[in-house]
4 protein chains.
Amino acid sequence: MSGPGPTPAREPALEVDLRSAVPPFEQIRAGVTALVQTGHLAPGAPLPSVRALAQDLGIAPGTVARAYRQLEAAGVVRTLRGRGTRVADSPPAPAADEVRAALAQAVRAAVAAGWDTDRIHSAVRDELDARRPD
Amino acid sequence: MSGPGPTPAREPALEVDLRSAVPPFEQIRAGVTALVQTGHLAPGAPLPSVRALAQDLGIAPGTVARAYRQLEAAGVVRTLRGRGTRVADSPPAPAADEVRAALAQAVRAAVAAGWDTDRIHSAVRDELDARRPD
Amino acid sequence: MSGPGPTPAREPALEVDLRSAVPPFEQIRAGVTALVQTGHLAPGAPLPSVRALAQDLGIAPGTVARAYRQLEAAGVVRTLRGRGTRVADSPPAPAADEVRAALAQAVRAAVAAGWDTDRIHSAVRDELDARRPD
Amino acid sequence: MSGPGPTPAREPALEVDLRSAVPPFEQIRAGVTALVQTGHLAPGAPLPSVRALAQDLGIAPGTVARAYRQLEAAGVVRTLRGRGTRVADSPPAPAADEVRAALAQAVRAAVAAGWDTDRIHSAVRDELDARRPD
DNA sequence: GTGGTCTAGACCACT
DNA sequence: GTGGTCTAGACCACC
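Residues numbered from 1 in each chain as written. Chains lettered and ligands numbered in written order. Predicted model: local features only at pLDDT ≥ 70, side-chain atom pairs only at ≥ 80, totals over all residues. Heavy atoms only, no water.

1. Quick notes on the overall build of chain A
Item 1. Of regular secondary structure, chain A possesses 5 helices and 2 strands.
Item 2. When its helices and strands are written in sequence order, chain A yields α-α-α-β-β-α-α.
Item 3. Every one of the 134 residues in chain A was classed for burial, and the buried ones make up 36%.
Item 4. Look at the contacts in chain A between residues 6 or more apart in sequence, and 51% of them connect residues 24 or more apart.
Item 5. Accessible area of chain A: about 7,500 Å², with a carbon and sulfur share of 51%. (Helix = DSSP H or I, 4+ residues; strand = E, 2+ residues; numbered from the N terminus. Buried < 20%, exposed > 50% of the residue type's maximum accessible area, 1.4 Å probe, protein only. Contact = heavy atoms within 4.5 Å. Areas by Shrake-Rupley, 256 points an atom, 1.4 Å probe, with all protein chains shown as cover.)

Here's what the structure looks like:
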């Protein structure tokens, strides 16, 4: 659907690892935030209902509700009583600090893995190609 | 934006946010792993003693001990009885998958924040410059 | 602090915050009660129809109906079949206890905010001026 | 303990009305905030443990925990894992807006109850006397 | 001992 | 149908 780029199909599915040290509600919160900031969830798009997502992920509804509550507080999502939850009209963009931190971390990992400068830049270019060409 | 330098002083200190949803022992584990993979902690380098680090971070020694135990299990550090804990001789490098994932996430955030291609590559170059030449 | 006027225009409009922990029907009930006790809604004055108010506030008619039902039960309004809902002829006045409690709470907040005696009395005077002279 | 003022003993106890439209966790949050801003709970003072307060109020521990979590987020309280919850060192003071709103509401109620100007000012003075003379 | 989180299911408020 | 809240008790992380 996008290009012949090296980063193939990318399914915007939410997953929860119950064995992780990060609590499930936090994984959901972070996951939805990522999907929104990625554009995989467009402004105004409806989120799965609390109960549906809970069933999907195999966790308790209250846990999903909690994540949704925090997303609402963060302005990522807008919830209308009885009418479900949707992505906010103007979800907050990540701050420059966060972006730099993410890049720093990624570059760190790449260098540690022995990647050279060219390979890193090339990988970044691939990521951009996989996202931008539309 | 402020100074001319790409990325100024970077102190490889460990920090723990007691209010985070991520438990302290996990923050320590992840933090040390990052310092090792970054090269800020070289193979063979001694880690602070359990008690010293605990005092430093203002947390209980048991919590640090737990983090060290997991690092040992992951092969990142090596604990020698009576001689403290040191970075392993050949600490595990991040897998290519992890690196790509980290880059993908960082690029995602950057694009979401409205950064253009040039700015992203430039930021990556800055990160590399700040790390390699020393 | 900004202008010379004590407390400028005050529009007796009802508002509902859908994100509050207080359910909408309760906000309407409390709001109408306040308007009545303030005198902004005189005895005998007609209230908006259930449907009109619902549309106005962007909520479901059933929710407004529920609030009106409770106001009726409290003796604040009187619903006449086919002739709509009106403010009761002798709506219940707040008890002295309630008044003292409200004042105590307000004074508490003011003191906690660092207001001195003069500022508090002055603010009270302003409130009285804004209400009485019309 | 204080003075011969007209506002006698005031017991800083927390209460929860399970039949209110305001959810219990919100009542606790608001109640603790009030006690802190009043000075009935001094900076650094320990709050009852989650379980103790829950038992005291006859509600579930999770509900108290939720209230404490929100108080922490609001900066009213500081919670140290495993070491209980305490009033923050510099709890946030109420904003001028909130104070004016509280005063307006109190004055409204007083006027509605038929109190004249003198009686209102006198009541305010009483409240101040009961609080300040120490 | 402390607070934090999760569950499973209940009831409420709302559309 | 939707989300919001509460419960009772479990386990985890921490001191």
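The discussion continues.
2. Digging into the packing of aromatic side chains
Residues and elements named next belong to chain D.
Item 1. Under the counting rule described, the total for this entry stands at 0 aromatic pairs over all chains.
Item 2. Positioned above the aromatic ring of Phe-25, the side-chain terminus of Arg-66 is 3.9 Å from the ring centre.
Item 3. One residue, Arg-119, lies across the ring of Trp-115, its end atom 4.0 Å from the ring centre. (Phe/Tyr/Trp six-rings, centres within 6.5 Å; stacked < 30°, edge-to-face > 60°. Lys NZ or Arg CZ within 6 Å of the ring centre and 35° of its normal.)

3. Points about the UniProt feature "domain: HTH gntR-type" (unreviewed entry) in chain A
Item 1. The positions that UniProt labels "domain: HTH gntR-type" (unreviewed entry) are, in the present scheme, residues 22–90 of chain A.
Item 2. For residues 22–90 of chain A, the helix share is 52%, the strand share is 12%, and the end-to-end C-alpha distance is 28 Å. (UniProt positions renumbered as here; feature names shortened; annotations may be inferred.)

4. Looking at the pattern of salt bridges
Item 1. Within this structure, the stated rule accounts for 14 salt bridges over all chains.
Item 2. Note that Arg-78 of chain C and Glu-72 of chain C form a salt bridge whose closest N and O atoms lie 3.3 Å from each other.
Item 3. By relative accessible area, Glu-72 of chain C is classed as partly exposed at 26%.
Item 4. Between Arg-29 of chain D and Glu-26 of chain D there is a salt bridge, and its shortest N-O distance comes to 2.8 Å. Residue Arg-29 of chain D and its partner Glu-26 of chain D are both found in helix α1 (residues 24–38); the two are separated by 3 residues, about one turn of the helix.
Item 5. Judged by its relative accessible area of 25%, Arg-29 of chain D is partly exposed.
Item 6. If you follow the salt bridges from partner to partner, you end up with Glu-72 and Arg-78 of chain A together with Arg-19 of chain C in one network. (Salt bridge = Lys/Arg side-chain N within 4 Å of Asp/Glu carboxyl O.)

5. Thoughts on the pairing of strand β2 (residues 84–87) of chain C
Residues and elements named next belong to chain C.
Item 1. Burial along β2 is one-sided: Thr-85 and Val-87 are buried, and none of Gly-84 and Arg-86, which face the opposite way, are.
Item 2. Two elements, strand β1 (residues 77–80) and β2, share 4 bridges in a ladder whose sense is antiparallel. What sits directly across from Thr-79, in β2, is Thr-85. (Pairing = 2+ DSSP bridges.)

6. Focus: the protein's contact with DNA strand F
Item 1. Among the 25 residues in the neighbourhood of DNA strand F, the closest are listed as Pro-24 and Thr-63 of chain B together with Pro-24, Thr-63 and Arg-66 of chain D.
Item 2. Take the atoms of DNA strand F that sit within 4 Å of the protein: sugar and phosphate atoms are 85% of them.
Item 3. A distance of 2.9 Å is found between a phosphate oxygen of DNA strand F and a backbone nitrogen or oxygen belonging to Pro-24 of chain D.
Item 4. Arg-66 of chain D has a polar side-chain atom sitting 2.9 Å from a phosphate oxygen of DNA strand F.
Item 5. Across the surface near DNA strand F, the residue classes tally to 11 nonpolar, 8 polar and 6 charged. (Near = heavy atom within 4 Å. Polar contact = N/O pair within 3.5 Å; in protein donor to acceptor, adjacent residues only side chain to side chain. Nonpolar A, V, L, I, M, F, W, Y, C, P; charged D, E, K, R; others polar.)

7. Section: the packing of helix α1 (residues 24–38) of chain B against helix α3 (residues 61–73) of chain B
Residue and element names in this part refer to chain B.
Item 1. Running from N to C, α1 and α3 point in directions that differ by 45°, and their axes come no closer than 8 Å. Accordingly, the angle class assigned to the pair α1 and α3 is oblique. Between α1 and α3 the crossing geometry is right-handed. Judged by residue contacts, Pro-24, Phe-25, Ile-28, Arg-29, Val-32 and Thr-33 of α1 engage Thr-63, Val-64, Arg-66, Ala-67, Gln-70 and Leu-71 from α3.
Item 2. The residue makeup of the contact of α1 with α3, split by class, is 7 nonpolar, 3 polar and 2 charged. (Axes fitted to C-alpha atoms, helices over the stretch in contact; angles between N-to-C directions. Parallel < 35°, antiparallel > 145°, perpendicular 65-115°, else oblique. Left-handed = near helix turned anticlockwise from the far one by under 90°.)

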